[in-house]
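Residue-level structural notes
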Amino acid sequence: MQSIFAMHQNGSDNLEKEEKFLYSSIDNILDLYLLMLSTLIEISKKEAYYIEQAKNKHLATAADKNANLKFVNNAIFSILSNNHSLLQAIENRKINNWSLNDDYIILLLKAIKESEIYKNYLENTNCSFEEDQQFLISLYMEVIASNDKFYEYLEDFKLTWVDDIPMVNTQIIKQIKMLKSEDDINFYVPKLYKDTEDKDFVSELFRKTVLNEREFAKEYIDKTPNWDTERIAEVDTIILKMAICELLKFPSIPAKVTINEYLEIAKEYSTPKSSIFINGILDNLVKEFRAGNRLNKSGRGLME
């Protein structure tokens, strides 16, 4: 949707160029995922470094020499820091933000130490994997992911990440919750695409929508008698065209799935009334397509 919108704004008709950017922006989701996990690893390393520095300073106090190591020894930190596939992916993708600039690691570590979550965690003398796990989940959601300055850094570093941050955070929390013990080796770097067909869908939906925009527009123009077509939000017209494209040219996608997906996109990206407007149009179109035997669904697409 955003790629098609960008084409409209730029007056571009270069499908290859826009498709390349589309794939690049999807590929960058993996970099964001790895960056967020590297943040956790670097926070742990930075605190371990501070503890070691304090212990070895010339006038080290008893507190310096006997620092509470519960935070740096957190089992989840250990799993991430020792996961070969994760470390290899970070290296391969050249995720080196914090080696070049650790200001944000210091900023986040300061915010962590000021949080009640951290203070309560250190005060609890009972140690367990479950406690470590729940602590890190709470810390990630309530202190790290919600930090405004860190969010601004991510937004400034790569603009396309803005829409990807919630999805990446959800994936990371899901994976941490799935860990069973400190010896769990099942943490893995997920694939961007389920399979080749999944990746091909990106190109097919993009190209088929762009190449048939005029034809798809004709499908809904006479269905909007109470709406001035010139005033319909451009995002709404793109959403309608993409939905019509799925309905008519993707037999394996159920009509109900298509409608639900695009209603969610409309709620997220368009005007408050857009989802109601789009729902009404698509419901009428599905009935019309069925009556005219144009909704040729097969396989999973037959599911209602």
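Preceding this paragraph is the structure being described.
Details of the overall build of the protein chain
Across its full length, the protein chain carries 16 helices and zero strands. For the protein chain, the residues scored as buried account for 45% of the 304 residues in total. For the protein chain, the proportion of contacts with a sequence separation of at least 24, taken over those separated by at least 6, is 80%. One way to put it: in the protein chain the 37 positive side-chain charges average out to a point 2 Å from where the 49 negative ones average out.

Quick look at the environment of Gln53
In this structure, Gln53 sits in helix H2 (residues 15–56). With 38 residues separating them along the chain, Gln53 and Leu15 place their C-alpha atoms 55 Å apart.

Observations regarding the environment of Ile106
With respect to the helices and strands, Ile106 occurs in helix H7 (residues 103–114). Sequence-distant contacts of Ile106, defined by excluding residues within four places in its chain, comprise Lys46 and Tyr50.

Looking at helix H11 (residues 165–178)
Note on helix geometry: an α-helix contains 3.6 residues per turn, so any two residues three or four positions apart are oriented the same way. With 14 residues, H11 extends 20 Å from end C-alpha to end C-alpha; this agrees with the ideal 20 Å at 1.5 Å per step. Buried within H11 are the following residues: Ile165, Val168, Asn169, Ile172, Ile173, Gln175 and Ile176. Here the buried residues of H11 occupy an arc of 160 degrees about the axis, which is enough to place them on one side. Those residues of H11 that are exposed and aimed more than 90 degrees away from the buried face are Thr170 and Lys177. In this structure, the buried side of H11 is in contact with H2, helix H4 (75–81), helix H9 (129–144) and helix H10 (148–157).

Section: the nonpolar core
Counting 90 residues, the largest nonpolar core has Phe71 and Leu154 as the members making the most contacts within it. Take this core: its biggest share by element is 16 residues, from H2. Apart from the residues lying within four places of it in its own chain, the contact partners of Phe71 are Ile43, Glu47, Phe77, Leu109, Ile112, Tyr118, Tyr121, Leu122, Phe135 and Leu139.

Description of a nonpolar patch on the surface
On the surface, a cluster of nonpolar side chains totalling about 270 Å² of accessible area is made up of Tyr49, Tyr50 and Ile106. Position of Tyr49 relative to the elements: it lies in helix H2.

A look at the pattern of salt bridges
Using the criterion set out here, one finds 14 salt bridges in the structure. A salt bridge links Arg93 to Asp31; the nearest nitrogen and oxygen atoms lie 2.8 Å apart. In this pair, Arg93 sits in the loop between helix H5 (84–92) and helix H6 (97–100) while Asp31 sits in helix H2, placing the two residues 62 residues apart along the sequence. Put simply, Lys70 and Glu131 hold a salt bridge, and the shortest N to O gap is 3.0 Å. Pair noted here: Lys70 is in the loop between helix H3 (62–65) and H4 and Glu131 is in helix H9, with a separation of 61 residues, a long-range link. Taken individually, Lys70 and Glu131 each receive the classification buried, so the pair is uniform in this respect.

Points about a negative patch on the surface
The grouping of Asp148, Glu152, Glu155 and Asp156 at the surface amounts to a negative patch. Note on placement: Glu155 falls in helix H10.

Considering the packing of H2 against H9
One can describe the packing of H2 onto H9 by two numbers: an axis separation of 13 Å at closest approach and a directional angle of 110 degrees. Taken together, the axis directions place H2 and H9 in an arrangement best described as roughly perpendicular. Only Leu136, Tyr140 and Ile144 of H9 make contact with H2, whose side of the interface consists of Met36, Leu40 and Ile43. In terms of residue class, the contact of H2 with H9 is built from six nonpolar, no polar and no charged.

Digging into the packing of aromatic side chains
The tally for this structure, following the rule as stated, stands at 11 aromatic pairs. Ring geometry for Tyr49 and Tyr50: centres 6.1 Å apart, planes at 50 degrees, overall tilted. Taken together, Trp98, Tyr104, Phe150, Tyr153, Phe157 and Trp161 form an aromatic cluster joined through their ring pairs.

Brief notes about unusual backbone geometry
Within the chain, Lys94 stands out as a residue other than glycine whose phi angle is a positive 55 degrees. Of the residues examined, Lys94 reaches a relative accessible area of 64% and is grouped as exposed. Here Asn293, not a glycine, exhibits a phi torsion of approximately 55 degrees, which is positive. Take Asn293: it is sitting in the segment after helix H16 (274–291).

Section: the side chain of Glu19
Among the secondary structure elements, Glu19 is positioned in helix H2. Overall, Glu19 belongs to the buried group, its relative accessible area being 14%. Setting aside chain neighbours within four positions, we find Glu19 in contact with Ser203, Phe206 and Arg207.

Examining helix H1 (residues 2–10)
Those residues of H1 not exposed but buried are Ser3, Ile4 and Met7. Mapping the buried residues of H1 onto a view down its axis gives an arc of 100 degrees, with all of them on the same face. Where H1 is buried, its residues contact H2, helix H12 (196–211), helix H13 (213–221) and helix H14 (234–249). Phi for Gly11, located one or two positions after H1, is positive at around 65 degrees.

Reading guide: rules and limits
- Residues numbered from 1 in each chain as written.
- Predicted model: local features only at pLDDT ≥ 70, side-chain atom pairs only at ≥ 80, totals over all residues.
- Heavy atoms only, no water.
- Helix = DSSP H or I, 4+ residues; strand = E, 2+ residues; numbered from the N terminus.
- Buried < 20%, exposed > 50% of the residue type's maximum accessible area, 1.4 Å probe, protein only.
- Contact = heavy atoms within 4.5 Å.
- Lys, Arg positive; Asp, Glu negative; His and termini not counted.
- Charge placed at Lys NZ, Arg CZ, Asp CG, Glu CD.
- Expected span 1.5 Å × (residues − 1).
- Arc of directions from axis to C-beta.
- Core = buried A, V, L, I, M, F, W, Y, C linked by side-chain atoms within 4.5 Å.
- Patch = residues over 30% accessible without salt bridge, like charges linked within 9 Å, V, L, I, M, F, W, Y side chains within 5 Å.
- Areas by Shrake-Rupley, 256 points an atom, 1.4 Å probe, with all protein chains shown as cover.
- Salt bridge = Lys/Arg side-chain N within 4 Å of Asp/Glu carboxyl O.
- Axes fitted to C-alpha atoms, helices over the stretch in contact; angles between N-to-C directions.
- Parallel < 35°, antiparallel > 145°, perpendicular 65-115°, else oblique.
- Nonpolar A, V, L, I, M, F, W, Y, C, P; charged D, E, K, R; others polar.
- Phe/Tyr/Trp six-rings, centres within 6.5 Å; stacked < 30°, edge-to-face > 60°.

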